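Here is how the chains run, residue by residue.
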Amino acid sequence: MEIDKLIIDLEKALVALLGKKYSDLKPEIQKDIDDFLEKSKKKMKRWTLLLAETSITIEEFEWLLKSQKDILVLKALQSAGVSKVRLNTIKNSIIKTTFDIVLAALIKQ
């Protein structure tokens, strides 16, 4: 599995996910997603490899991803006045999208 390609695909999917709804903030959202992926990159690579080797279960992988929700700061959306409840929903969507993309990449192998 090519992890770096997976991270690039993930970034594109996350920007598309948020960029449609908040097109006026797309450059700022891109920066927030880049920051999140940069902070999580090493862990995500390690966890994805562990999952691919079946050293961890899908449920454990999902739990590990959810643990990254706290480092996901959506400054652009906060500045735009998006409520905390909505931000939490968006964060959950980002984690779910990440989970789905990683699993899809593993299945393609």
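Scroll up a little and you will see the structure.
Residues numbered from 1 in each chain as written. Predicted model: local features only at pLDDT ≥ 70, side-chain atom pairs only at ≥ 80, totals over all residues. Heavy atoms only, no water.

Caption draft 1: Up close: empty space enclosed by the protein. As enumerated under the stated definition, the model contains one cavity of 30 Å³ or more in all. Taken together, Ile3, Leu6, Ile7, Leu10, Met44, Lys45, Thr48 and Val102 make up the lining of the largest cavity. Per-element accounting of the lining of the largest cavity gives the leading share, four residues, to helix H1 (residues 3–21). Classifying every residue of the lining of the largest cavity by side-chain character gives six nonpolar, one polar and one charged. (1 Å grid on protein atoms, 1.4 Å probe; cavity = no way out; pocket = protein on both sides within 12 Å on 5 of 7 lines; lining within 4 Å. Points joined across faces, edges and corners; volume = space filled by probe spheres on them. Helix = DSSP H or I, 4+ residues; strand = E, 2+ residues; numbered from the N terminus. Nonpolar A, V, L, I, M, F, W, Y, C, P; charged D, E, K, R; others polar.)

Caption draft 2: Highlighting the packing of helix H2 (residues 26–52) against helix H3 (residues 58–66). For the pair H2 and H3, interaxial distance at closest approach is 10 Å and the crossing angle is 170°. Taken together, the axis directions place H2 and H3 in an arrangement best described as roughly antiparallel. Taking contact as the criterion, the partners of Met44, Trp47, Thr48 and Leu51 in H2 are, on H3, Ile58, Phe61, Leu64 and Leu65. Each residue belonging to the contact of H2 with H3 can be placed in one class, and the counts come to seven nonpolar, one polar and no charged. (Axes fitted to C-alpha atoms, helices over the stretch in contact; angles between N-to-C directions. Parallel < 35°, antiparallel > 145°, perpendicular 65-115°, else oblique. Contact = heavy atoms within 4.5 Å.)

Caption draft 3: Fine view of the side chain of Lys91. Here Lys91 shows up in helix H5 (residues 84–108). No salt bridge is formed by the buried Lys91, whose closest oppositely charged neighbour, Asp70, lies at an N-O distance of 5.9 Å. When near neighbours in sequence (up to four residues on either side) are disregarded, Lys91 contacts Lys69, Leu72 and Leu74. (Buried < 20%, exposed > 50% of the residue type's maximum accessible area, 1.4 Å probe, protein only. Lys, Arg positive; Asp, Glu negative; His and termini not counted. Salt bridge = Lys/Arg side-chain N within 4 Å of Asp/Glu carboxyl O.)

Caption draft 4: Representation of the side chain of Thr97 within the structure. With respect to the helices, strands and loops of the structure, Thr97 is situated in helix H5. Judged by its relative accessible area of 16%, Thr97 falls in the buried class. With near-sequence residues (within four places) excluded, Thr97 lies in contact with Leu10, Ala13, Leu14 and Leu17.

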